[in-house]
Amino acid sequence: TKCESGCVCADGLYENLDGRCVPAEECPCEYGGLAYGRGEQIQTECEICTCTKGKWKCVQKTRCSSTCNLYGEGHITTFDGQRFVFDGNCEYILAMDGCSVNRPISSFKIVTENVICGKSGVTCSRSISIYLGNLTIILRDETFAISGENPGIRYKVKKNALHLMFDIIIPGKYNMTLIWNKHMNFFIKISRETQETICGLCGNYNGNMKDDFETRSKYVASNELEFVNSWKENPLCGDVYFVVDPCSKNPYRKAWAEKTCSIINSHVFSACHNKVNRMPYYEACVRDSCGCDIGGDCQCMCDAIAVYAMACLEKGICIDWRTPEFCPVYCEYYN
């Protein structure tokens, strides 16, 4: 009805991100602020998506995996993506199966022993116990010990300068990869071939984060502390009633914590910023750096940054963030 200045594409053509007019077949797709051309693919843990006429066409993978993270001073991200933090001085069940009332037989159970690791009362994982029937694997003091045996389970141990990795196959049920950084960070990646219910602090792995705070008594807790207390391995441990704020108790450490953790927000990680939300990782890093005040200060800070780097790697972004001056990894002699 009235003239407007500017340019438009001819009928049947569409403007791409470069400002050129192209046919629909050549339209790019957008993901995380980046443009992908026709036929390019991106992969998530459960889907393979292909760019077709400017839209993503996604196909479910036959085998879908999900990861639960326990890191730093009581931070957990469940299999379904729920995040919370707790300061419990006890052993807690991270993940197990056989949760249903009808079939209380468990083929695996993973337990963390949390101890106080800061004057403000923050806690962190001291050891991880993996129970696979009569086979037990204990991760502690930067090494591991295996006792018993279970001929029905296949497992393989791999090592590198930073991690111990355990590939565990429970035939017909689960493929698990457990990654431990020999300190406070532990990752449980599970791909399952059964609809068996999983439970524990890592949640119920049903694709819905809203009901992740399901207690041992099979009801959804009103808050994370009620949920955490229900998964104590030893009922004689005291309950957790509040979450410590170490930066308010150690205000003199806050400026240092914010300065060192700011690498997460800096150009060093810029390639990852539009793929993985950095703020929860930055806040966790600041909290841990404030709370880690009885030795290993830099280790706590570096571990927290490494969790964000690993989340970036899961999205295909490899960040070379360590330097000889900042969180160095001392490689083997002449390696």
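Calculation rules
- Residues numbered from 1 in each chain as written.
- Predicted model: local features only at pLDDT ≥ 70, side-chain atom pairs only at ≥ 80, totals over all residues.
- Heavy atoms only, no water.
- Domains from an automatic or database assignment.
- Buried area = accessible area lost by both parts, 1.4 Å probe.
- Salt bridge = Lys/Arg side-chain N within 4 Å of Asp/Glu carboxyl O.
- Disulfide = S-S within 2.5 Å.
- Helix = DSSP H or I, 4+ residues; strand = E, 2+ residues; numbered from the N terminus.
- Buried < 20%, exposed > 50% of the residue type's maximum accessible area, 1.4 Å probe, protein only.
- Lys, Arg positive; Asp, Glu negative; His and termini not counted.
- Polar contact = N/O pair within 3.5 Å; in protein donor to acceptor, adjacent residues only side chain to side chain.
- Contact = heavy atoms within 4.5 Å.
- Expected span 1.5 Å × (residues − 1).
- Core = buried A, V, L, I, M, F, W, Y, C linked by side-chain atoms within 4.5 Å.
- Axes fitted to C-alpha atoms, helices over the stretch in contact; angles between N-to-C directions.
- Parallel < 35°, antiparallel > 145°, perpendicular 65-115°, else oblique.
- Left-handed = near helix turned anticlockwise from the far one by under 90°.

Per an unreviewed UniProt entry, the protein chain carries the name MUC6 protein and comes from Quiscalus mexicanus.

**Q** How would you explain the domain arrangement of the protein chain if you had to name every residue and give the values?
**A** As far as domains go, the protein chain holds domain 1 (13-60), domain 2 (65-230) and domain 3 (246-315). Computed from C-alpha atoms alone, the centre-to-centre distance between domain 2 and domain 3 is 23 Å. The contact between domain 2 and domain 3 buries some 1,700 Å² in all, and 56% of this surface belongs to carbon and sulfur atoms. Viewed at the interface, domain 3 and domain 2 are joined by 1 salt bridge. Among the salt bridges present, the one from Asp87 reaches Arg287, with a minimum N-O distance of 2.9 Å.

**Q** Residues and numbers for the state of the cysteines, please.
**A** For the coordinates displayed, the defined rule picks out 10 disulfides. The side chain of Cys247 participates in a disulfide bridge whose partner is Cys290; the two sulfur atoms lie 2.1 Å from each other. Its S-S torsion of about 90° marks the bond between Cys247 and Cys290 as right-handed, since a negative value means left-handed. One end of the pair, Cys247, is in helix 2 (residues 246-249); the other, Cys290, is in helix 5 (residues 279-291), with 43 residues separating them in the sequence. Between Cys27, a cysteine without a disulfide, and Cys29, which holds the nearest cysteine sulfur, the sulfur-to-sulfur distance is 8.3 Å. Its sulfur unpaired, Cys318 is 9.6 Å from the next cysteine sulfur, which belongs to Cys312.

**Q** With reference to specific residues and values, describe the side chain of Asp211.
**A** Its place among the elements puts Asp211 in the loop between strand 20 (198-199) and helix 1 (224-230). At 9.5 Å, Lys218 is the nearest oppositely charged side chain to Asp211, a buried residue that forms no salt bridge. Among the polar contacts listed, one links the side chain of Asp211 to the side chain of Asn206, at a separation of 2.9 Å. Sequence-distant contacts of Asp211, defined by excluding residues within four places in its chain, comprise Asn204, Asn206 and Val220.

**Q** Requested: an account of helix 5, with residues and values cited.
**A** Taking 1.5 Å as the rise per residue, helix 5 with 13 residues should run 18 Å; its terminal C-alpha atoms sit 18 Å apart, in good agreement. Along helix 5, 10 of the 13 residues are buried, which leaves the element largely enclosed by surrounding structure. Here helix 5 has its buried residues at Tyr281, Tyr282, Ala284, Cys285, Val286, Arg287, Asp288, Ser289, Cys290 and Gly291.

**Q** Explain the nonpolar core residue by residue, including any values.
**A** In terms of nonpolar packing, the biggest core is built from 47 residues, with Leu94, Phe108, Leu132, Ile188 and Leu201 touching the most fellow members. Counting residues per element, this core draws most heavily on strand 11 (residues 91-97), at 5 residues. When sequence neighbours within four positions are dropped, the list of residues in contact with Leu132 reads Ser107, Phe108, Ile137, Asn150, Ile153, Ile168, Ile170 and Met176. Phe187, Cys247, Tyr308 and Ile319 belong to the second-largest nonpolar core, a separate cluster that totals 32 residues.

**Q** With reference to specific residues and values, describe the packing of helix 3 (residues 251-261) against helix 5.
**A** Look at helix 3 against helix 5: their axes get within 8 Å of each other, and the N-to-C directions meet at 140°. The angle between helix 3 and helix 5 places the two elements in the oblique class. Where helix 3 crosses over helix 5, the handedness of that crossing is right-handed. Residues Arg253, Lys254, Trp256, Ala257, Glu258 and Cys261 of helix 3 form the contact with helix 5, whose participating residues are Tyr282, Cys285, Val286, Ser289 and Cys290.

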